[in-house]
Amino acid sequence: MSAAPEFSRPVRIDQLARHAQPVTIAADAAERDALAKRFHLLALDRLEADYALNEENGAIFARGRVRAALAQPCVATGVAVPEKVDTDFLLRFVKEGAEEPEGDELELDADDCDTIGYDGLVIDMGEAVAETVALAMTPYPRSPKADAVLREAGVLSEEQASPFAALLSLKDKK
């Protein structure tokens, strides 16, 4: 059996009604430290979310807003690049192995929500929120000094590395 996620906030399906009104969850310092380690962050100073749950057509929907303050290492220099995440989310939890009901159409575009499987008994809103933040983070953070550091190290820019760079420099000389 696998260990519980660092920021676990389980919700039993038989208690969904308690989460129909907005609920707020926040990660404590130990949970944020553990998540920072898992997501390779230099810091995770804040992680909280407000959400409400409801059931529709056999699926459970979580609608809410997540807020986080974090720092990732710059892809070029390794220095901290601070970032704030403040975004709405819509998650659809579907019982693993369950068939989609025939004839019922879901009026949501795939881009409108993420679908997460669950065991049919419990969903973990803490883990869902942590994963939502991980997906919302800047994928390749760069510090303001990244270009200068790369230039000093002799790394070519995309334009300089292009096979057409020599042709473009001839055009510029005319």
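Refer to the structure printed above.
Okay, so let's go over this structure.

### Focus: helix α2 (residues 125-136)
Working step 1: Here α2 spans 16 Å end to end across twelve residues, near enough to the 16 Å set by a 1.5 Å rise per residue.
Working step 2: Every buried residue belonging to α2 is among M125, G126, E127, A128, V129, A130, T132 and V133, and all of these are buried.
Working step 3: A distance of 3.1 Å separates the backbone nitrogen of G126 from a side-chain oxygen at the start of α2, and that oxygen is part of D124.

### Considering unusual backbone geometry
Working step 1: The residue H40 is not glycine, and still its phi comes out positive at about 60°.
Working step 2: Positive phi values are uncommon outside glycine, yet N57 reaches one of about 50°.
Working step 3: One can find N57 in the loop between β3 (43-56) and β4 (59-73).

### Quick notes on the side chain of D124
Working step 1: In this structure, D124 sits in strand β7 (residues 122-124).
Working step 2: Despite its burial, D124 remains without a salt bridge, the nearest opposite charge being carried by R9 at 6.9 Å.
Working step 3: There is a polar contact of 2.7 Å between the side chain of D124 and the side chain of S8.
Working step 4: Among the polar contacts listed, one links the side chain of D124 to the backbone nitrogen of R9, at a separation of 2.7 Å.
Working step 5: Sequence-distant contacts of D124, defined by excluding residues within four places in its chain, comprise P5, F7, S8, R9 and P10.

### Examining the sheet that holds strand β6 (residues 114-118)
Working step 1: If you trace the five strands from one edge of the open sheet to the other, you get β2-β3-β4-β5-β6, paired in mixed fashion. Since the sheet does not close on itself, it has two edges, and those belong to β2 (23-26) and β6, each with one partner. For this sheet, the mean inter-axis angle between neighbouring strands, taken without regard to orientation, is 30°.
Working step 2: For strand β5 (residues 80-95) and β6, the ladder comprises five bridges, and the chain directions are parallel. Each residue of the ladder has a partner; that of L91, found in β6, is D114.
Working step 3: Packed on one face of the sheet, helix α1 (residues 29-38) meets β2 and β3 and runs near 95° to β3.
Working step 4: With respect to the sheet, α2 is in contact with β2, β3, β4, β5 and β6, its orientation differing from that of β5 by roughly 130°.

### Section: the nonpolar core
Working step 1: The biggest cluster of nonpolar side chains holds 32 residues, and the ones touching the most others in it are L47, L53, F89, F93, I123, M125 and V129.
Working step 2: Elements with a contribution of two residues or more to this core: β2, α1, β3, β4, β5 and α2.
Working step 3: Setting aside anything within four residues of it in sequence, one finds F89 in contact with A49, D50, Y51, A62, R63, G64, R65, V66, M125, V129 and T132.
Working step 4: A59, F61, V94 and C113 belong to the second-largest nonpolar core, a separate cluster that totals five residues.

Cut-offs and rules
Residue positions are counted from 1 within each chain, in the order its sequence is given. With the structure being a predicted model, the display of local features is reserved for residues of pLDDT at least 70 and the display and counting of side-chain atom pairs for 80 or more, all residues being used for whole-chain, interface and lining totals. Water and hydrogen atoms were dropped before computing side-chain values, which therefore reflect all heavy atoms in the structure. Helix numbering and strand numbering both begin at the N terminus, where a helix is a DSSP run of H or I of at least 4 residues and a strand a DSSP run of E of at least 2. Multiply 1.5 Å by the residue count of a helix minus one, and that product is the helix's expected span. Classification of residues uses two cut-offs on accessible area relative to the type maximum, computed with a 1.4 Å probe and protein chains only: under 20% is buried, over 50% is exposed, and between them is partly exposed. Nitrogen and oxygen atoms within 3.5 Å of one another constitute a polar contact, given that in protein one can donate a hydrogen and the other can accept it, and given that sequence-neighbouring residues count only through two side-chain atoms. Charged residues are defined narrowly, with Lys and Arg counted positive, Asp and Glu counted negative, and His plus the chain ends left uncounted. Criterion for a salt bridge: a side-chain nitrogen of Lys or Arg within 4 Å of a carboxyl oxygen of Asp or Glu. Contact between two residues is taken to exist if any of their heavy atoms lie within 4.5 Å; hydrogens are not considered. In short, DSSP must find at least two bridges between two strands for them to pair. Here, axes are lines fitted to C-alpha atoms. For helices the fit covers the stretch in contact, and angles between N-to-C directions go from 0 to 180 degrees. Among the buried residues, those of types Ala, Val, Leu, Ile, Met, Phe, Trp, Tyr and Cys that are joined through side-chain atoms within 4.5 Å form a nonpolar core.

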